[in-house]
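Single-letter residue listing:
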Amino acid sequence: MQGRTVSKKDAPTRAPAQDLRDWLDRVEALGELKHVRNAHWNLELGCISEINSRQRGPCLLFDDIVDYPSGFRVVTGTTGTPARLAATLRLPTNLSTPELVGMLRKKSPEWSARANDFPPQYVDSGPILENIKTGNQVNLLEFPAPMWNEGDGGRYMGTGDAVITQDPESGWVNVGTYRLMVHDQRTTGLYLAPNHHGRLHMEKYWQAGKPFPVVASVGHDPLLFLYAGVELPVGMSEYNYIGAVMGEPAKVVRGELTGLPMPAGSEIVLEGFCRPGNIKRDGPFGEFLGYYSANDVPQPVFEVERIYHRNNPIILGSPPGRPPHDYAYSKTVIRSALLHDALEKAGMTGIVSCWADEVGGGRALLVISVRQQYQGHGRQVGLMASQCPVGYWMGRYVIVVDDDIDPSNLTDVMWAVSTRCEPARDIQILERLFGTKIDAINTTMDQDVPYLSRAVIDACRTYEYRDAFPPVAEASPELQRQIREKWKDLLGTKK
Ligand SMILES: Cc1cc2nc3c(=O)[nH]c(=O)nc-3n(C[C@H](O)[C@H](O)[C@H](O)COP(=O)(O)O)c2cc1C
């Protein structure tokens, strides 16, 4: 990866604003941060966070965690509302969810196009270098990694993390969110799903019989977490991408052992290697579709040889589990925008809006509304969505509805499915497609190589009979407006 180097003399003297603390200040100013004291790392912090996510509550900053010194903190719920997500993306914080999706649709192609202009900027110093632990000082248990769920196989230090790896051939630096389960004082698991970029890098090192160098930041500006957890194209560094979002390069410091770039303003960074053949059972873990799954897949062991941390460090926690969970909302918004773009790039016309609903973790249930233009149009859009890269991984159902249906309103969507879709004719099943071991259904099928099917549900009025379809039995918008106006004390104003 190309990067500029700034000497110590030129390095900024104040902490870079690209950090979690600056972000917390901004969110506190929005009135969306709550401080929580004296919660226990063992299940209590996790259960509070889970209930809070379901209630769409504020961002929670846990301090005075039982068994840990004051100042060793954990934050959860970072991107759970439109305002917090917009603050993270450096967008206006007064946008509604549809406005945010619309804004992202405009911005995403711009950011992708400009990413190459924002290589990360190497600096010699940064808050992450405040404490450096080596040798016997390396102790992961020094930090309050939570035991998130009752059924988890261990404490997860990395959930909202950013795992930084490099392609040994091209030099491409990838940043991915891959969970880190603490095995003991010096090792964690590193769960790398097939085809994920970190795994592709690891395979190249291991095939050459070499240790795989890794640095993992477990607390940082949530912007890095947002894009470490979505599929940017092969070869594009998330550092470049967030540089384009911020309008300035991401500031990074070289790891002493691996030379890999870690965020200069990170809270905690683990540095070390995954050695060929060193694998261990990982999990169970409460996965993002709401089940403990993929329990029997051994994963690489991350041997941590250096820990860097700021004074009073903060772990960025983002526990999945039964949706809606900690990051379901943000992934829904981002994927909805990405899906819309992908369909238009594939030449689809008449797309009104797309929605990757939280109930499917932003992946398993996609809904698209279309203005039908020809016979087979809805079906074509549905098939395309089920096969394009944004919609493929862990996809299960794609529902296509007419443009009078709001895809983000599941009551309306299921009304359309119940009344406009003739099952034998309008549900198309696609078999033997890519599946994953973390899919709960795969567990019950016990397949070594997981294949799963997809269903495309065409819930649009049949194209050639659309004018003959009975009218909707609902007061017209004008009549509703008049009645609401006259009866506002009774009915209230429309939200
Ligand atoms: C909180 C969270 C935890 C995740 N955990 C894992 C994981 O343990 N392993 C994995 O392969 N993907 C995991 N993912 C999904 C990947 O981060 C996501 O697919 C991302 O695009 C992978 O990065 P890559 O495309 O650069 O490989 C997680 C995502 C989030 C948001």
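Note: the structure precedes this text.
Residues numbered from 1 in each chain as written. Predicted model: local features only at pLDDT ≥ 70, side-chain atom pairs only at ≥ 80, totals over all residues. Heavy atoms only, no water.

Enquirer: Please explain the overall build of the protein as it appears in this structure.
Expert: Of the regular secondary structure elements, the protein holds 15 helices and 23 strands. A compact globule built from 495 residues would reach a C-alpha radius of gyration of about 23 Å, and the protein, at 24 Å, matches this within 12%. Across the 495 residues in the protein, those meeting the buried criterion constitute 56%. By sequence separation, contacts in the protein at least 24 residues apart represent 73% of the contacts at least 6 residues apart. With the model as given, the accessible surface of the protein reaches about 21400 Å², and the carbon-plus-sulfur share is 52%. Computed over 52 positive and 59 negative side-chain charges, the inter-centroid distance for the protein is 2 Å. (Helix = DSSP H or I, 4+ residues; strand = E, 2+ residues; numbered from the N terminus. Rg over C-alpha atoms; globule rule 2.2 N^0.38 Å. Buried < 20%, exposed > 50% of the residue type's maximum accessible area, 1.4 Å probe, protein only. Contact = heavy atoms within 4.5 Å. Areas by Shrake-Rupley, 256 points an atom, 1.4 Å probe, with all protein chains shown as cover. Lys, Arg positive; Asp, Glu negative; His and termini not counted. Charge placed at Lys NZ, Arg CZ, Asp CG, Glu CD.)

Enquirer: Quick question: what am I supposed to make of the packing of aromatic side chains here?
Expert: The description of two aromatic rings rests on the distance between their centres and on the angle between their planes. Counted according to the given criterion, the structure contains seven aromatic pairs. An angle of 25° between the planes, with centres 5.9 Å apart, marks the rings of Phe72 and Phe143 as stacked. Taken together, the residues Phe72 in the loop between strand 3 (59–63) and strand 4 (73–76) and Phe143 in the loop between strand 6 (131–134) and strand 7 (156–158) connect sequence positions 71 residues apart. In this pair, the class of Phe72 matches that of Phe143, namely buried. Among the aromatic side chains, those forming a connected cluster through ring pairs are Trp111, Tyr227 and Tyr241. We note Arg254 situated over the ring of Tyr122; from NZ or CZ to the ring centre the distance is 4.0 Å. (Phe/Tyr/Trp six-rings, centres within 6.5 Å; stacked < 30°, edge-to-face > 60°. Lys NZ or Arg CZ within 6 Å of the ring centre and 35° of its normal.)

Enquirer: Looking at this structure, I do not really get unusual backbone geometry. What am I missing?
Expert: The phi torsion of most residues other than glycine is negative, and most of the peptide bonds are trans. Residues Gly283 and Pro284 are joined by a peptide bond in cis, for which omega reads 0°. By the secondary structure assignment, Pro284 is in the loop between strand 16 (279–281) and strand 17 (298–309). Unlike most non-glycine residues, Leu43 shows phi in positive territory, near 80°. Following the sequence through the fold, Leu43 ends up in the loop between strand 2 (33–37) and helix 2 (44–54). We classify Leu43 as partly exposed; its relative accessible area is 28%. The phi torsion at Arg90 lies on the positive side, around 60°, for a residue other than glycine.

Enquirer: Help me out: how do you make sense of the sheet that holds strand 2 in this one?
Expert: Backbone hydrogen bonds are what pair the strands of a sheet, in a parallel or an antiparallel way. Ordered in space as 2-3-4-18, the four strands form an open sheet in which the pairing is mixed. Strands at the two margins of the open sheet, each flanked by one partner only, are strand 2 and strand 18 (314–316). When strand polarity is set aside, the average angle formed by the axes of neighbouring strands in this sheet is 25°. Two elements, strand 4 and strand 18, share three bridges in a ladder whose sense is parallel. Its bridge partner being in strand 18, Val75 is matched across the sheet by Leu316. Across the sheet, helix 2 lies against strand 3 and strand 4, angled at about 165° from strand 3, the strand it touches most. (Pairing = 2+ DSSP bridges. Axes fitted to C-alpha atoms, helices over the stretch in contact; angles between N-to-C directions.)

Enquirer: Just to check I follow, could you spell out helix 8 (residues 328–345) for this structure?
Expert: In an α-helix there are 3.6 residues to a turn, and that puts residues three or four apart on one side. With 18 residues, helix 8 should cover 26 Å at 1.5 Å per step; its first-to-last C-alpha distance of 25 Å lies within 8% of that length. Among the 18 residues in helix 8, 15 count as buried, and that is most of the element. Gly347 sits one or two positions beyond helix 8 and adopts a positive phi of about 95°. (Expected span 1.5 Å × (residues − 1).)

Enquirer: Explanation requested: helix 9 (residues 377–387) in the structure shown.
Expert: Every buried residue belonging to helix 9 is among His377, Gly378, Val381, Gly382, Ala385 and Ser386, and all of these are buried. With its buried residues spanning 165° around the axis, helix 9 presents them on a single face. (Arc of directions from axis to C-beta.)

Enquirer: I would appreciate a short explanation of the pattern of salt bridges in the present structure.
Expert: Pairs can form between side chains of opposite charge once their charged atoms are near each other. Under the criterion given, the structure shown has 34 salt bridges. Residues Arg310 and Asp19 are paired through a salt bridge, measuring 2.8 Å at the closest nitrogen-oxygen approach. Taken together, the residues Arg310 in the loop between strand 17 and strand 18 and Asp19 in the loop between strand 1 (4–6) and helix 1 (20–29) connect sequence positions 291 residues apart. According to the relative accessible area criterion, Arg310 is buried, its value standing at 7%. Between Glu303 and Arg275 there is a salt bridge, with the nearest N and O atoms lying 2.7 Å from each other. A residue pair is termed long-range when its members are at least 10 positions apart, and Glu303 in strand 17 and Arg275 in the loop between strand 15 (268–274) and strand 16 qualify at 28 residues. The exposure class assigned to Arg275 is partly exposed, which follows from its relative accessible area of 29%. (Salt bridge = Lys/Arg side-chain N within 4 Å of Asp/Glu carboxyl O.)

Enquirer: What's the story with the packing of helix 4 (residues 97–114) against helix 8 in this structure? I'm lost.
Expert: Packed helices, taken two at a time, are described by their axes: the angle between them and the distance between them. Where helix 4 meets helix 8, the closest approach of the two axes is 9 Å, and the angle between their N-to-C directions is 55°. Relative to helix 8, the element helix 4 is oriented oblique. In the crossing of helix 4 with helix 8, the sense of the turn from one axis to the other is right-handed. Contacts between helix 4 and helix 8 involve Thr97, Leu100, Val101, Leu104, Arg105, Ser108 and Pro109 from the first element and Tyr329, Val333, Ile334, Ser336, Ala337, His340, Asp341 and Glu344 from the second. Along the lines of polarity and charge, the residues of the contact of helix 4 with helix 8 split into eight nonpolar, four polar and three charged. (Parallel < 35°, antiparallel > 145°, perpendicular 65-115°, else oblique. Left-handed = near helix turned anticlockwise from the far one by under 90°. Nonpolar A, V, L, I, M, F, W, Y, C, P; charged D, E, K, R; others polar.)

Enquirer: Can you walk me through the side chain of Thr187 in this structure?
Expert: Tracing the chain through its elements places Thr187 in strand 11 (residues 187–189). Side chain to side chain, Thr187 and Asp184 meet in a polar contact 2.9 Å long. (Polar contact = N/O pair within 3.5 Å; in protein donor to acceptor, adjacent residues only side chain to side chain.)

Enquirer: Got a minute to help me understand the site of the ligand in this structure?
Expert: Taken together, the neighbourhood of the ligand is formed by 21 residues, with Thr177, Tyr191, His196, His197 and Glu231 sitting nearest. Contact with the protein chains covers 93% of the free accessible surface of the ligand, which is 630 Å². Of all the secondary structure elements, the ones that give two or more residues to the shell around the ligand are strand 9 (173–176) and helix 6 (222–228). When its residues are assigned to classes, the shell around the ligand shows eight nonpolar, eight polar and five charged. (Near = heavy atom within 4 Å.)

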